[in-house]
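# Descriptive analysis of the structure
What follows is the residue order along each chain.
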Amino acid sequence: MLTVTFESEALCPYHSSSTLEIPSDIFIATDLNFSSPVDFTNQEMIMAPPTRIGLAGLAVMGQNLALNIAEKGFPISVYNRTASKVDETVDRAKAEGNLPVYGFHDPESFVNSIQKPRVIIMLVKAGAPVDQTIKTLSTYLEKGDCIVDGGNEWYENTERREKAVAELGLLYLGMGVSGGEEGARNGPSLMPGGSFEAYKYIEDILLKVAAQVPDSGPCVTYVGKGGSGNFVKMVHNGIEYGDMQLIAEAYDVLKSVGKLSNEELQGVFSEWNKGELLSFLIEITADIFGIKDDKGDGYLVDKVLDKTGMKGTGKWTVQQAAELSVPAPTIEASLDARFLSGLQEERVVAANVFKSAGFEGILTDQPVDKQQLINDVRKALYASKICSYAQGMNLIRAKSIEKGWDLKLGELARIWKGGCIIRAIFLDRIKKAYDRNPNLANLLVDPEFAKEIIDRQSAWRRVVSLAINAGISTPGMSASLAYFDSYRRSRLPANLVQAQRDYFGAHTYERIDVEGSFHTEWFKLAKQSKY
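Each chain carries its own residue numbering, running from 1 in the direction its sequence is written. In keeping with the predicted nature of the model, local features appear solely for residues at pLDDT of at least 70, side-chain atom pairs appear and are counted solely at 80 or more, and the whole-chain, interface and lining totals rest on all residues. The side-chain figures draw on all heavy atoms in the structure; neither hydrogens nor water molecules are used.

### Description of helix H4 (residues 128–138)
Let me state the cut-off plainly: Three labels apply to residues, based on accessible area from a 1.4 Å probe with only protein chains included: buried if under 20% of the type maximum, exposed if over 50%, partly exposed otherwise in between. Only DSSP runs of H or I reaching four residues or more are called helices, and only runs of E reaching two or more are called strands; each is numbered from the N terminus. The arc in question is the one spanned by the directions pointing from the helix axis to the C-beta atoms. Throughout, a contact is declared for two residues whenever any of their heavy atoms are within 4.5 Å.
Within H4, the full set of buried residues consists of Val130, Thr133, Ile134, Leu137 and Ser138. Mapping the buried residues of H4 onto a view down its axis gives an arc of 120°, with all of them on the same face. Opposite its buried face, H4 presents the exposed residues Ala128 and Lys135, each directed more than 90 degrees away. In this structure, the buried residues of H4 make contact with strand S6 (53–56), helix H3 (107–112), strand S9 (119–122), strand S10 (146–149), helix H5 (155–166) and strand S11 (171–178).

### Description of the packing of helix H16 (residues 426–436) against helix H17 (residues 447–470)
For any two helices packed against each other, one specifies the inter-axial angle together with the distance between the axes. As a reminder of what qualifies: Axis definition: a line fit to C-alpha positions, over the contact stretch in the case of helices; interaxial angles, taken between N-to-C directions, run 0 to 180 degrees. Each angle gets one of four labels, with under 35 degrees taken as roughly parallel, over 145 as roughly antiparallel, 65 to 115 as roughly perpendicular, and the rest as oblique. Side-chain classes are defined by residue name, with Ala, Val, Leu, Ile, Met, Phe, Trp, Tyr, Cys and Pro counting as nonpolar, Asp, Glu, Lys and Arg as charged, and the others, Gly among them, as polar.
With their axes 9 Å apart at the nearest point, H16 and H17 run at an angle of 135° to one another. Viewed along their axes, H16 and H17 adopt a mutual orientation that is oblique. Each of Phe426, Arg429, Ile430, Ala433 and Arg436 in H16 lies in contact with H17, whose residues at this interface are Glu448, Phe449 and Glu452. Its residues assigned to classes, the contact of H16 with H17 shows four nonpolar, no polar and four charged.

### Thoughts on the packing of aromatic side chains
Stated precisely, the cut-off is as follows: The rule is short: rings of Phe, Tyr and Trp, with Trp giving its six-membered ring, pair when the centres are within 6.5 Å, and they are stacked under 30 degrees, edge-to-face over 60, tilted in between.
Under the criterion given, the structure shown has 19 aromatic pairs. On the basis of an interplanar angle of 65° and a centroid distance of 5.8 Å, the ring pair of phenylalanine 426 and phenylalanine 449 is categorised as edge-to-face. Linking phenylalanine 426 in helix H16 with phenylalanine 449 in helix H17, this pair joins segments that are 23 residues apart in sequence. Of the residues examined, phenylalanine 426 reaches a relative accessible area of 1% and is grouped as buried. With relative accessibility at 2%, the residue phenylalanine 449 sits in the buried group. Following the ring pairs from residue to residue traces out a cluster consisting of Trp154, Tyr155, Phe231, Trp316 and Trp405.

### Here's the deal with helix H7 (residues 196–209)
Heads up, the rule is: Multiplying one less than the number of residues by 1.5 Å gives the expected span of a helix. Note that the bend at a residue is defined as the angle between axes fitted to the seven residues ending at it and the seven residues starting at it. Think of a polar contact as two N or O atoms within 3.5 Å of one another; within protein, one of them needs to be a possible hydrogen donor and the other a possible acceptor, and neighboring residues in sequence only count if both atoms come from side chains.
With 14 residues, H7 extends 18 Å between its outermost C-alpha atoms, agreeing within 8% with the 20 Å of an ideal straight helix rising 1.5 Å per residue. At isoleucine 202, H7 shows its largest bend, some 60°. Within H7 the residues assigned to the buried category are Ala198, Tyr199, Tyr201, Ile202, Ile205, Leu206 and Val209. For H7, the secondary structure elements touched by its buried residues are S6, helix H1 (60–71), S9, S10, S11 and strand S12 (189–194). Two to three positions downstream of the cap, the backbone nitrogen of glutamate 197 sits 3.4 Å from a side-chain oxygen, assigning the N-cap of H7 to serine 195.

### Focus: the sheet that holds S6
As a reminder of what qualifies: Two strands are counted as paired when DSSP detects at least two bridges linking them.
The strand order across the open sheet formed by seven strands is S8-S7-S6-S9-S10-S11-S12, and the pairing between neighbours is mixed. Both edges of this open sheet fall to strand S8 (101–104) and S12, since each of them pairs with a single strand only. Along the sheet, successive strands turn relative to each other by an average axial angle of 25°, direction set aside. Contacts from H4 reach S6, S9, S10 and S11 within the one sheet, and its direction differs from that of S9 by about 155°. Together, S6, S9, S10, S11 and S12 form the strand contacts of H7, whose direction differs from that of S11 by roughly 45°.

### Topic: the side chain of serine 216
Topologically, serine 216 is positioned in the loop between strand S13 (212–213) and strand S14 (217–218). Take serine 216: its relative accessible area is 16%, and that puts it in the buried class. At 3.4 Å, the side chain of serine 216 and the side chain of lysine 417 are in polar contact. The contacts of serine 216, once residues within four sequence positions are left out, are Arg414 and Lys417.

### Here's the deal with a nonpolar patch on the surface
We count it as follows: Each patch is built from residues lacking any salt bridge and having more than 30% relative accessible area; the joining distance is 9 Å for like charges and 5 Å for nonpolar side chains (Val, Leu, Ile, Met, Phe, Trp, Tyr). Method for areas: the Shrake-Rupley scheme with a 1.4 Å probe, in which residue coverage is limited to the protein chains shown. A pairing counts as a salt bridge when a side-chain nitrogen of Lys or Arg comes within 4 Å of a carboxyl oxygen of Asp or Glu.
A contiguous nonpolar patch, built from Ile291, Leu300 and Val304 and spanning about 250 Å² of accessible area, is present on the exposed surface. Along the chain, the position of isoleucine 291 falls in the loop between helix H10 (280–289) and helix H11 (313–323).

### Re the pattern of salt bridges
Opposite charge on two side chains allows them to pair when their charged atoms are near. Here the structure, examined in full by the defined rule, presents 39 salt bridges. The salt bridge involving arginine 347 is made with aspartate 306; its shortest N-O contact spans 2.9 Å. Of this pair, arginine 347 sits in helix H13 (residues 344–356) while aspartate 306 sits in the loop between H10 and H11, placing them 41 residues apart in sequence. Under the relative-accessibility criterion, aspartate 306 is labelled partly exposed at 40%. For lysine 431, the salt bridge identified is with aspartate 435, shortest N-O distance 2.7 Å. Taken as a pair, lysine 431 and aspartate 435 lie in helix H16 at a separation of four residues, close to a single helical turn. Each of Asp131, Asp149, Glu153, Arg160 and Arg161 takes part in one network of salt bridges that share partners.

### Some details on unusual backbone geometry
In this model, lysine 116 is joined to proline 117 through a cis peptide bond whose omega is -10°. Within the element layout of this structure, proline 117 appears in the loop between H3 and S9.

### Section: the pairing of S6
Because side chains alternate across S6, one face comprises the buried residues Ile53 and Leu55, and the other comprises Gly54 and Ala56, equally buried. Alignment of S6 against S9, held across three bridges, turns out to be parallel. In the sheet register, alanine 56 faces S9, and the bridge partner there is methionine 122.

### Describing the nonpolar core
Side chains that are nonpolar tend, in soluble globular proteins, to be buried together. We apply this condition: In these notes, a set of buried Ala, Val, Leu, Ile, Met, Phe, Trp, Tyr and Cys residues joined through side-chain atoms within 4.5 Å is what counts as a nonpolar core.
Ranked by internal contacts, the top residues of the largest apolar core, which has 84 residues, are Leu254, Phe269, Trp272, Trp416 and Ile430. Counting residues per element, this core draws most heavily on helix H14 (residues 370–403), at 14 residues. Setting aside chain neighbours within four positions, we find tryptophan 272 in contact with Ala250, Leu254, Leu277, Leu278, Ile282, Ile374, Val377, Arg378 and Leu381. With 35 residues, the next largest nonpolar core counts Ile53, Phe74, Ala210 and Val220 among its residues.

### Some thoughts on the environment of tyrosine 201
Position of tyrosine 201 among the secondary structure elements: in helix H7. Once residues within four sequence positions are removed from consideration, tyrosine 201 is found in contact with Arg52, Pro117, Val119, Gly144, Cys146 and Leu171. Of the polar contacts made by the side chain of tyrosine 201, one reaches the backbone oxygen of glycine 144; its length is 2.9 Å.

### Regarding the layout of surface pockets
Quick note on the threshold: Cavities and pockets were defined on a 1 Å grid built from protein atoms only: a cavity is a group of points that admits a 1.4 Å probe but offers it no way out, a pocket is an open group of points flanked by protein on both sides within 12 Å along at least five of seven lines, and a lining residue is one with an atom within 4 Å of any such point. Grid points are joined across faces, edges and corners, and a volume is the space filled by probe spheres set on the points.
Approximately 1400 Å³ is the volume found for the largest pocket. Forming the boundary of the largest pocket are 29 residues, of which Gln245, Ala248, Tyr251, Asp306 and Thr308 lie nearest the centre. Elements supplying a minimum of two residues to the lining of the largest pocket: helix H8 (228–256), H10 and helix H12 (329–341). For the lining of the largest pocket, the element with the highest residue contribution is H8, accounting for 10 residues. Taken together, the residues of the lining of the largest pocket break down into 15 nonpolar, six polar and eight charged.

Set out below in structure tokens:
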């Protein structure tokens, strides 16, 4: 017989004392650090209490989030199909302060180690791997247990899975996690959506694990029903695409037209990070300009191939904008810019074609007032950012209305103020705008943002015009300016487009002076007028 001694009677819920006699021939346990199975025979052991939560999927994000949870005082069980990842995570936990992380090599032991009702966070690749992990874990889960998908998943998959596991009596959350590996380890922005009951299971954990912003609180909130958490994270990433593209364009103008060196660029971006543009992306951009190449002369940024990767969330954002008829030209331009960057070999050939044809580019060596250019580019970048965020927020609102999610845009801006990639002081102004008017039609018409745009539009136009005249593409800034100029006009040339549609397709049109729908036989009238 094996005598198992629990730390207290409360930890042995199926027995009236703190000790339990188990036949040694049927009991296989794990050692105290749960790193390998051990067959105990005629010996005594101290059982570790059930852990508070489980995490399956131990790539970089999973490992770091597990360590974060453990560091905040919540014992956690971890599991991965590749056993070495389990051992690696447990070793890291020991090295980083003997954190209460317990590793398991098989899913049954992993699930059974977690206190009931069990909560398991999955951090595995979106798509089929998520379905497979759910299938594996649900074999051992019981009614009332909860699964949380922390990956970048398509929101409709989350809604499908929530319904599927509900038939098994399980609860489900789709939780956006932003901040990269550093955020996962030290405090991410968390966007959980789905079962509110499931959220309440782990609210105490999430409030401590999320990034903490003074005077604002933990960067987590219950987003809403269904797949809203994943949808919000998707649009967050779309805004991130726009933000990164706008920063890259600012860099290009300063470098190509202003001839700023990397040292000067580092100084400029460091200075920008002290004012209205203070943000994570501006901060890391300044850092990048200061890194020397360890494999040769010069700076590393100049040796990086001009070919941008992506994982799909930006494309999903643009697709959803089209589905919902919400204009998102800045985000769309940033996606197109990534597509164009992928045509790197074609662009090299094209550059040679136009050079051999006598097109040397329009850039000149005429002197530029660097300080004026730096100030103008800063203003153009800020104004363009307002448009990009306005587009993202409007997309979230449109989806919220369609799905009945009742999402709070100001609250979303609040939880993005820390931990996530787009964290910025700018988000505090967005939150205040929605606090002033929860039904705000567009950030552009908020009184404070309208004033910001008005104060910067001259510089914005100068930068876009300068870039065009110099042959430098600024698709994000140009798209943002076009969005602003279209939105602020009471009448657009769309009247002509609608007339064309009625001419060739009898699609009808409305009039500005008479109510109703009209169709004109334009062809006949045009033919008559020629005679």
